[in-house]
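In case you want the letters, here they are:
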Amino acid sequence: MALPELISVEDFFNPPTRAAATISPDGTKMAFLAPWKDRLNVWVQSLDSDSEEPRCVTADDNRSVIHFEWTDDPRWLIYLQDTNGDENWHIHRVDLDDPDAAAVNLTPFPGAMAAPLREVKNGTTAVMLNNREATQFDVHELDIATGELTLIAQNPGHVFTWLSSDKGDLFATSLTPDGDLSLSRWDGAALQSIASFEGNDYPVGIHPMVVTPDGTGLWLGSYRSSDNTRLVRVDLTTGEETEVDSHPEFDLDPRAVVSPAIPAPLIQDRRTGELLAVRYFGERQVIHALDPQFGDILANLQKLSDGDIGGLSSDEAGRRWVVGFNHDRDPGATYLYDHSTGESRLLFRPLPHLDPERLAPMRPVTITARDGLALHSYLTLPEGIEPKGLPLVLVVHGGPWYRDSWGFDAGVQLLANRGYAVLQVNFRGSLGYGKAFLKAAIGEFAGKMHDDLIDGVHWAVEQGYADPDRIAILGGSYGGYSALVGVTFTPDVFAAAVDYVGISDLANFMRTLPPIARPQLANNWHAYVGDPDDPEQLADMMARSPITKVDQIRTPLLVIQGANDVRVVQAESDNLVKALRDRGVEVDYLIQADEGHGSVNPENVIKMWDAISRFLARRLGGRV
């Protein structure tokens, strides 16, 4: 038995040939991301003419475009872009009728962030924009064709999320003095309260939250009277909550909360906005069809792949569908399906050079924590060798209010291809496993949350998969914090650690967050970890901060940091590295000058994973 042929870092992390396809409203074209000058840009191609070549319609040679959408006018397409990872997103317009016209920045305000609140209807959309005051989003109407911005609601000072109906009615969420989330209607001059929700039930806000097509209700995920999020309809006049759908075991799919690349849990009719289906996620995705006709469509779509349905879009007639599939070994295979004829065809595979047979399957496993809590996890074992006594990499997700899930992960596959077992543990506090599991993380940073990870390692050793002397921990953001906790609180467990944009000082992290994010601290970091302005809570959070325990670090450590990171600022890594080097401790440090909280440009992603691969090979004995 032998490992499959080595797959290069470049083959895993070069840009996909195509990705993220969506169909035009009239069903004649698709837009997708593909490389232009080694950056992902938006391309458009006919779905009906084999002779028509795809056309690149954006021209960003500095940073890949990630977010784009059609408008209701076939002339215009819009996309979002920030500057080198600073997360100050601007809305840009593309003229599809004029190939020579440059994209137009519709929100050209330095240092400000813009976010569309709804799809473009009748040529306009509502936009949240903080160009007046950095800590507050106001709402403007944006005319796509002219670029005109009209103020329609000035933030009264405490709103942190706005919602808009297709008719332009505005609603807002804000924080009450008691820390609850208040839902209100904007009457043109002030907010009128509708309903409230317990604040720390929703550490990253209420999701989903969608105004119903008639504008009289709000679809949202509610924990009220349930341990799992149910889809409910809130009457926007009375505040009355009525259940729409639920799953007996699973939460609504929570992954879109953090990653806009993940499809939303609600599937809606493109023309009318009516609710067609709801996504849930356990070990794998479950979709409940609420519309009988869509149920027939769903059944046919699911025949196209044994993966989970990811990106899904239709024309306004609901006849033609473009669907991409999440899959552990065949990522993003994308099909065109015509419901009127029943015909389908493969449009593309994003990474056609990767042979699924050479990749490793991701297997759901359940691990019992030391206090009896069930930890739903994923184990990926290298192909071609006996899964016994392997070097193991514990990969920890960020958030922490997020979750690992089944599907393709290029980093996990790279590690498995190099001979490592890879374990991903959904520790307490991860989303998707109910309110009690979520709240079990309160006060448990560097405590039971970390115990869950160590229990996962012990499980892998006891099962015979892992060599206890060759264990590494790797993670980004909160996962980077976990890696640092691992080498400070439990230094004997790990033979190597990789901290990517991780928190070293919990208090400094909270104090240096962008102003626009600070109003939400009360429901997440303050509620779960503490308020640094309270001396007693500050002392506790510093005791949970790796920066105060650098004298414990003796594990080989690789630190990676984006210089433009606005969430976990560079000082979090600089201070840690300096403290170690002042002690004469060797630490590898990679700073990415043109990245933020997550690498986007392919040369940076490749350089980072090449460094990780070489670092782990030196410390654990895997392949480079």
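Here, every reference points to the structure presented above.
Residues numbered from 1 in each chain as written. Predicted model: local features only at pLDDT ≥ 70, side-chain atom pairs only at ≥ 80, totals over all residues. Heavy atoms only, no water.

**Q** Got a minute to help me understand the overall build of the chain in this structure?
**A** When helices and strands are tallied, the chain shows 11 helices and 35 strands. Relative to the compact-globule value of 25 Å for 624 residues, the chain shows a C-alpha radius of gyration of 24 Å, a close match. Sorting the 624 residues of the chain into buried and exposed places 56% on the buried side. The long-range fraction of contacts in the chain, counting pairs at least 24 apart against all pairs at least 6 apart in sequence, stands at 54%. If you sum the accessible surface of the chain, you get close to 24,100 Å²; carbon and sulfur atoms cover 47% of it. Distance between charge centres in the chain, computed from 52 positive and 90 negative side chains, equals 3 Å. (Helix = DSSP H or I, 4+ residues; strand = E, 2+ residues; numbered from the N terminus. Rg over C-alpha atoms; globule rule 2.2 N^0.38 Å. Buried < 20%, exposed > 50% of the residue type's maximum accessible area, 1.4 Å probe, protein only. Contact = heavy atoms within 4.5 Å. Areas by Shrake-Rupley, 256 points an atom, 1.4 Å probe, with all protein chains shown as cover. Lys, Arg positive; Asp, Glu negative; His and termini not counted. Charge placed at Lys NZ, Arg CZ, Asp CG, Glu CD.)

**Q** Help me understand the pairing of strand β28 (residues 362-368) in this model?
**A** The two faces of the sheet receive side chains in turn, since in a regular strand these alternate between them. The sheet contact formed by β28 and strand β29 (residues 374-380) spans 7 bridges and is antiparallel. The residue bridging Thr-368 from the neighbouring strand is Ala-374, located in β29. Between β28 and β29, which pair antiparallel and follow one another directly, the connecting turn spans 5 residues, one of which, Gly-372, has a positive phi of 95 degrees. (Pairing = 2+ DSSP bridges.)

**Q** Quick question: what am I supposed to make of a negative patch on the surface here?
**A** A surface patch of negative charge is lined by Asp-26, Asp-72, Asp-73, Asp-97, Asp-98, Asp-100 and Glu-316. Tracing the backbone shows Asp-72 in the loop between β5 (67-70) and β6 (76-81). Asp-72 sits in the partly exposed class, given a relative accessible area of 32%. (Patch = residues over 30% accessible without salt bridge, like charges linked within 9 Å, V, L, I, M, F, W, Y side chains within 5 Å. Salt bridge = Lys/Arg side-chain N within 4 Å of Asp/Glu carboxyl O.)

**Q** How should I be thinking about the pattern of salt bridges in this particular structure?
**A** Oppositely charged side chains are able to pair whenever their charged atoms sit close together. Scanning all chains against the criterion turns up 30 salt bridges. One salt bridge connects Asp-201 with Lys-435, and the closest N-O pair in it is separated by 3.7 Å. Of the two residues, Asp-201 sits in the loop between β16 (191-197) and β17 (209-211) while Lys-435 sits in helix α4 (residues 435-439), which places them 234 residues apart along the sequence. The shortest N-O distance in the salt bridge between Glu-243 and Arg-230 comes to 3.0 Å. Of this pair, Glu-243 sits in strand β20 (residues 241-245) while Arg-230 sits in strand β19 (residues 230-235); the two residues are 13 residues apart in sequence, bridging distant segments of the chain. Residue classification places Glu-243 among the partly exposed residues on the basis of a relative accessible area of 42%. For Arg-230, a relative accessible area of 13% puts it in the buried group. Sharing partners across several salt bridges, the network here consists of Asp-48, Arg-319, Arg-320 and Asp-338.

**Q** Would you take a moment to explain the sheet that holds strand β25 (residues 320-326) for this structure?
**A** Two strands in a sheet stick together by hydrogen bonds in their backbones, pointing the same way (parallel) or opposite ways (antiparallel). Pairing is antiparallel across the open sheet formed by 4 strands, whose spatial order is β24-β25-β26-β27. Lying at the two open borders of the sheet, with one neighbouring strand each, are β24 (308-314) and β27 (343-348). Shown here is a sheet whose adjacent strand axes are inclined to one another by a mean of 25 degrees, direction ignored. Where β24 and β25 come together, 5 bridges link them in antiparallel fashion. (Axes fitted to C-alpha atoms, helices over the stretch in contact; angles between N-to-C directions.)

**Q** Could you clarify how one ought to interpret the environment of Ser-344 in this entry?
**A** Inspection of the secondary structure puts Ser-344 in strand β27. Beyond its immediate sequence surroundings of up to four residues, Ser-344 is in contact with Leu-304, Leu-336 and Tyr-337.

**Q** What exactly am I supposed to notice about helix α11 (residues 602-620) here?
**A** Note on helix geometry: an α-helix contains 3.6 residues per turn, so any two residues three or four positions apart are oriented the same way. For α11, spanning 19 residues, the distance from its first C-alpha to its last is 26 Å, which sits close to the expected 27 Å at 1.5 Å a residue. Just downstream of α11, Gly-621 is the residue with a positive phi angle, here 90 degrees. (Expected span 1.5 Å × (residues − 1).)

**Q** Looking at this structure, how should I read the packing of helix α3 (residues 410-417) against α11?
**A** Between two packed helices, what matters for the description is the angle formed by their axes and the separation of those axes. Closest axis-to-axis distance for the α3/α11 pair is 11 Å, and the angle between their directions is 35 degrees. Here α3 and α11 pass one another in a crossing that is right-handed. Together, Gly-411, Leu-414 and Leu-415 of α3 and Trp-609, Ser-613 and Leu-616 of α11 make up the contact between the two elements. Counted by class, the contact of α3 with α11 contains 4 nonpolar, 2 polar and no charged residues. (Left-handed = near helix turned anticlockwise from the far one by under 90°. Nonpolar A, V, L, I, M, F, W, Y, C, P; charged D, E, K, R; others polar.)

**Q** Sorry if this is basic, but what is going on with unusual backbone geometry here?
**A** Negative phi values dominate among residues other than glycine, just as trans dominates among peptide bonds. With an omega of -10 degrees, the peptide bond between His-207 and Pro-208 qualifies as cis. Along the chain, Pro-208 falls in the loop between β16 and β17. At the junction of Gly-399 and Pro-400, the peptide bond is cis and its omega measures out at 5 degrees in the coordinates. For Pro-400, the location among the structural elements is in the loop between β30 (390-396) and α3. Positive phi values are uncommon outside glycine, yet Lys-37 reaches one of about 50 degrees. Note that Lys-37 resides in the loop between β2 (29-36) and β3 (39-46).

**Q** Looking at this structure, how should I read the packing of helix α5 (residues 448-462) against helix α6 (residues 478-489)?
**A** Their axes nearest at 11 Å, the elements α5 and α6 cross at an angle of 75 degrees. Between α5 and α6, the angle is such that the two are roughly perpendicular. Contact residues: Met-449, His-450 and Leu-453 in α5; Tyr-478, Ser-482, Val-485 and Gly-486 in α6. Split into classes, the residues belonging to the contact of α5 with α6 amount to 4 nonpolar, 3 polar and no charged. (Parallel < 35°, antiparallel > 145°, perpendicular 65-115°, else oblique.)

**Q** What is the right way to look at the sheet that holds β19 in this model?
**A** Pairing is antiparallel across the open sheet formed by 4 strands, whose spatial order is β17-β18-β19-β20. Lying at the two open borders of the sheet, with one neighbouring strand each, are β17 and β20. On average, each strand axis in the sheet is tilted by 30 degrees relative to the strand beside it, whichever way the strands run. Of the strand pairs in this sheet, β19 and β20 are connected by 4 bridges, and their pairing is antiparallel. Bridging from a neighbouring strand, Val-232 pairs with Glu-243 of β20.

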